[in-house]
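Given next are the chains, with one letter for each unit.
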Amino acid sequence: MKRFNNVGWIAVIICVFAIVFDVLSATAAQPQKKNIILATTTSTQDSGLLDVLIPFFEKKTGYFVKTIAVGSGQAMVMGQKGEADVLLIHSPDAEEKFMAEGSGINRRLVMHNDFIIVGPVEDPAGIKGMKSSIESFKKIAASGALYMSRGDNSGTHAKEKSILKAARILPQGARWYQQTGLGMGQTLSISSEKKAYTLTDRGTYLALQKNLGLSILVEKDAMLLNIYHVIEVNPARWNKVNTAGAKAFSNFIVSKQAQKIIKNFGIAKYGSPLFFPDAGKKEK
Amino acid sequence: MDMIFEGIKQAFFLLFTLDPEVMGITWLSLNISGVATVISLFIGISIGMTVALSRFPGRKFVVSLINTGMGLPPVVVGLFVTIFLWRNGPLGFLEILYTPTAMIIAQSIIATPIVTGITLSAIQHLPANLHLQILSLGATRLQMVWILIKESKLPLLTAVMAGFGGVISEVGASIMVGGNIKGYSRVLTTATVMETSRGNFDIAIALGIILLLLCLCVNVILTHIQQGERLR
């Protein structure tokens, strides 16, 4: 027994040294200015788009992208604090404020898809096929059917707030209106379990559709357009920002190559594209 | 039920085909949590030993602090480590936020109180004046500490297991300070969270099973050492 234990101890010690050495060398081999921090929304990660785009970019340029997937609101806060180099987000009104206060430079249109209102197949509020998102929110509120909000200052949450404002609904404290405080994927799962309505971007919905008991009820309202921009964090404010890296990434994502990847992404798997490339187009 | 079965199938498929991404994630989990446990052992045993062997005013309060620390919420640790490591934070010059190093730091902070608390109670469980007796037989202080560690080997191995188990299964701090970056700071727990939010429940279950198997392997080895010592 004693013999085994000595061998066991030696094995443990060797493992520990191997592990320590491994981590130290891995960390040391990572040159700092090669790192780009990309703060983005959950939808670009949950849909899998970045898993295709980023390896391509890294291979082409040699940069290493650290993708931090949070809501658009939190991504902008990271930008304001100089904790990110480049943002890929979808919250146009808040983005304009972000640009106006000088936190970012070079805001460019990348792509769009659209928001949709999804809900249980039985559709207790009877909104299926309605053309106006404002009217359908009024109807959900009036019927008292459960609605799940992201509640996390994400781009989707911002869109929902603007619709609620236009519909003159004050949902705070109302029983039909609940907030998850989670990402889009998790909010969709919860809505599905609780047979609730929710507002989602089409990309995430299509990617998760197979596990959800939710169907598309309202779509194609002009108000439901979901537009993604890329913004470089203003290097004049924060000297630690990786300016060259941010520029390289934002140039890449509006380049022909990347736009082509965006155009074709998801067609093979979901039968229809999840995002529509928009780079270079004029905004309406 | 189908989903769980599918997940188990997926887990074994990923394991037996040695899927490079899953292997990488598993190795990194073991790496980070292993290093964090070793660091917490050095710090935790030192503090635990010191507090156990000394008498000073406010000692009871310190012990309460240590015991509270054993339940330190990982997300709170993650939040503070993030704030400290921000580029423009107090330790920003290190530029280690969103790296495995940052995850090791956070996990060490989580595991240290656990190791400290268990060390403390282990040493206090030894006969009260043992350390005086050892000293009176002519041992130096360092030798005395070493003998005490050897005497409380069993509970200290429990400390290793508790510390390691605490950090390898932790997700809140890892996702905040590591960022769940593919191929770089993605570990089993953060990958499980992400796959869940992507709706890939079968892969999430598979990753969960791999995590459990990993913990089991580590604990089997440690328990073997622990119980082997005991039987001798």
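Because the structure is a prediction, the values reported are computed rather than measured.

K.L.:
Any chance you could break down the overall build of chain B for me, citing the residues and the numbers?
P.N.:
Each helix and strand counted, chain B has 11 helices and zero strands in total. Reading the helices (α) and strands (β) of chain B from amino to carboxyl end gives α-α-α-α-α-α-α-α-α-α-α. Each of the three principal axes of chain B carries a C-alpha extent, and together these read 65 × 50 × 25 Å. Within chain B, the fraction of its 232 residues that count as buried is 44%. Considering only contacts in chain B between residues 6 or more positions apart, those separated by 24 or more positions represent 77%.

K.L.:
If you had to explain the domain arrangement of chain A to someone new, which residues and values would you point to?
P.N.:
All names here are of chain A. Each assigned domain of chain A is listed with its residue range as follows: domain 1 (32-112 + 228-277) and domain 2 (114-224). Here the C-alpha centre of domain 2 lies 26 Å away from the C-alpha centre of domain 1. With 19 residues of domain 1 in contact, the opposing surface of domain 2 contributes 15 residues. Of all the elements in the fold, those that place two or more residues in the side of domain 1 that touches domain 2 are helix H2 (42-46), helix H4 (72-80) and helix H5 (92-100).

K.L.:
Describe the UniProt feature "domain: ABC transmembrane type-1" (unreviewed entry) in chain B, and please don't skip the residues or the numbers.
P.N.:
Mapped onto this numbering, the UniProt entry gives "domain: ABC transmembrane type-1" (unreviewed entry) at residues 26-222 of chain B. For residues 26-222 of chain B, the end-to-end C-alpha separation is 19 Å, with 76% helix and 0% strand making up the annotated structure.

K.L.:
Describe the pairing of strand E3 (residues 86-89) of chain A, naming the residues involved and giving the relevant values.
P.N.:
Residues and elements named next belong to chain A. Burial along E3 is two-sided: the residues Val86 and Leu88 and Leu87 and Ile89 are all buried. Taken together, the three bridges between strand E1 (residues 35-40) and E3 define a ladder with parallel strand orientation. Paired with Ala39 across the strands is Leu87, a residue of E3. Taken together, the four bridges between E3 and strand E9 (residues 225-233) define a ladder with antiparallel strand orientation. For Leu87, the partnering residue across the bridge sits in E9 and is Ile231.

K.L.:
Give me the UniProt feature "transmembrane region" (unreviewed entry) in chain B: which residues, what numbers.
P.N.:
Residue and element names in this part refer to chain B. As recorded in UniProt, the sites labelled "transmembrane region" (unreviewed entry) are residues 65-86, 98-123 and 203-222. As annotated, residues 98-123 has a helix share of 92% and a strand share of 0%, and its two end C-alpha atoms lie 37 Å apart. A distance of 29 Å separates the end C-alpha atoms of residues 203-222, which is 100% helix and 0% strand.

Analysis parameters
- Residues numbered from 1 in each chain as written.
- Chains lettered and ligands numbered in written order.
- Predicted model: local features only at pLDDT ≥ 70, side-chain atom pairs only at ≥ 80, totals over all residues.
- Helix = DSSP H or I, 4+ residues; strand = E, 2+ residues; numbered from the N terminus.
- Buried ≥ 20, exposed ≤ 12 C-beta atoms within 10 Å, placed from the backbone.
- Contact = placed C-beta atoms within 7 Å.
- Domains from an automatic or database assignment.
- UniProt positions renumbered as here; feature names shortened; annotations may be inferred.
- Pairing = 2+ DSSP bridges.

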